[in-house]
Amino acid sequence: MIHPSYELGEGRVGRANLAGSAGLELVAGVVQLRPQEAMVEAMLRGWRAQQTARGLREETIAQREHLVRGFLAFTNEFPWAWSASHVDEWSLSLTSEKHLRPSTIRSYQGQLRLFTEFLTDGRYGWVAACQEAFGTHPVPVCHEWNTLSHLDDYEGDPEARAFTREELQRFLDYADDQVGRAVRAGRKGALAAYRDATLFKVIYGWGLRRTETAKLDLLDWGRNPAAPEFDRFGMLHVRYGKAKRGQQPRQRNVASVMGWAVEAVADYVHNIRPRFGSGEHPGMWVTERGGRIKPAEINARFGAYREALGMSKALTVHSLRHSYVTHLTEDGVDRRFIQQQVGHERDSSTAVYTHVSDDFMSTALRRALSPAFTGGGIGAEEGR
């Protein structure tokens, strides 16, 4: 029996002529050996037609269909039997088993949401078609409470966390110790170990991302009139900050606030880097072969030190940046100053933090230059 809301025309069940509608994809009077599988294929054909009519690229359509088929396989259920709990289980597997980033998971959830919204849109007739054929129908399964929303510019590994101060001290001490061990053993690698020990201090001491750090040049350092005690290392110009989609890398100036970190950088620049024989190479972190260190090499060194110390895998290179924000916050530094330092832009609720005055920045900087960093902070006891 044909559902009363449908019309019979030219051998097809139809309700409307919208591209992708059930009326254009389901053939009337044909008995399917596997009606459930046939309905799913008709749904996917319809969704493909609907997206094509909207002018989407074939690659985009194919990628979305691949994802939906993956969700079908994961649930082992047909779309009219899907529920929000299926999305919960799938999302958990993407995080805990596949270790995908939140931004990727959010993209996948968005694609699944598009498919279910297409199926439940009354204009396309799939709800009525499923109700007639199977006595049930698709429902929305992606909701605000079981999908990720875009909250911040940076979305790191959900398992990542900041170092405690004790962990950070242990890590930096270990990095320093590797220099002495290489020298005492008379083996190569002492210069590289010194370079990397300083690099980790810079990531923490200026709250940088890994790629930002790898692309630093010597000329990115400059004076800051508000902190003359730091000489030519009072301000760091970051040229390769995280870009917004479709835009160039964002730039920002990061004021130096940790005296021990400034001392470590000055020592490296004046006494260690020249020994690499890098000549006119502009890079801050050069290799013994005269190239620039790569982010993957930073990861490798960090992972080796972390494993040697038996530290949690939840600690990543980005944890050093997390620690910068956490420790400054714990020490009472103004949150707006910290946000300006790390280059975060949030939605309209925090937009005020991105346009602070010069007077505010100078006042906040002087407050940040506290004894916690110049006298008793991380690394201070060894003159870092």
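Below is a short write-up of the structure. (Residues numbered from 1 in each chain as written. Predicted model: local features only at pLDDT ≥ 70, side-chain atom pairs only at ≥ 80, totals over all residues. Heavy atoms only, no water.)

**Some points on the environment of Gly 279**
Next up, step 1: Of note, Gly 279 is situated in the loop between helix H10 (259-272) and helix H11 (295-309).
Next up, step 2: Owing to a relative accessible area of 59%, Gly 279 belongs among the exposed residues under this scheme.
Next up, step 3: Between the C-alpha atom of Gly 279 and that of Gly 290, which follows or precedes it by eleven residues, the distance is 8.4 Å. (Helix = DSSP H or I, 4+ residues; strand = E, 2+ residues; numbered from the N terminus. Buried < 20%, exposed > 50% of the residue type's maximum accessible area, 1.4 Å probe, protein only.)

**Observations regarding unusual backbone geometry**
Peptide bonds are trans in most cases, and residues, glycine excluded, mostly fall at negative phi.
Next up, step 1: Despite not being glycine, His 99 shows a phi value in the positive range, around 55°.
Next up, step 2: With respect to the secondary-structure elements, His 99 resides in the loop between helix H4 (84-96) and helix H5 (102-120).
Next up, step 3: Of note in the backbone geometry, Asp 231 takes a positive phi value of approximately 55° without being a glycine.
Next up, step 4: Checked against the element boundaries, Asp 231 lands in the loop between strand E3 (221-222) and strand E4 (235-241).

**Describing the packing of helix H8 (residues 190-206) against H11**
Next up, step 1: In the contact formed by H8 and H11, the axes pass within 11 Å of each other and the chain directions differ by 90°. One element, H8, and the other, H11, form an angle in the roughly perpendicular class. Mapping the contact onto sequence places Ala 192, Ala 193, Arg 195, Asp 196, Leu 199, Phe 200 and Ile 203 in H8 and Ile 298, Arg 301, Phe 302 and Tyr 305 in H11.
Next up, step 2: Tallied by class, the residues present in the contact of H8 with H11 amount to eight nonpolar, no polar and three charged. (Axes fitted to C-alpha atoms, helices over the stretch in contact; angles between N-to-C directions. Parallel < 35°, antiparallel > 145°, perpendicular 65-115°, else oblique. Contact = heavy atoms within 4.5 Å. Nonpolar A, V, L, I, M, F, W, Y, C, P; charged D, E, K, R; others polar.)

**Notes on the pattern of salt bridges**
Next up, step 1: This model, assessed by the stated rule, comprises 19 salt bridges.
Next up, step 2: With a shortest N-O distance of 2.5 Å, Asp 231 and Arg 223 are connected by a salt bridge.
Next up, step 3: Linking Glu 307 and Arg 306 is a salt bridge whose minimum nitrogen-to-oxygen distance equals 3.4 Å.
Next up, step 4: Under the relative-accessibility criterion, Arg 306 is labelled buried at 14%.
Next up, step 5: One salt-bridge network, in which partners are shared between bridges, spans Glu 41, Arg 48, Glu 65 and Arg 69. (Salt bridge = Lys/Arg side-chain N within 4 Å of Asp/Glu carboxyl O.)

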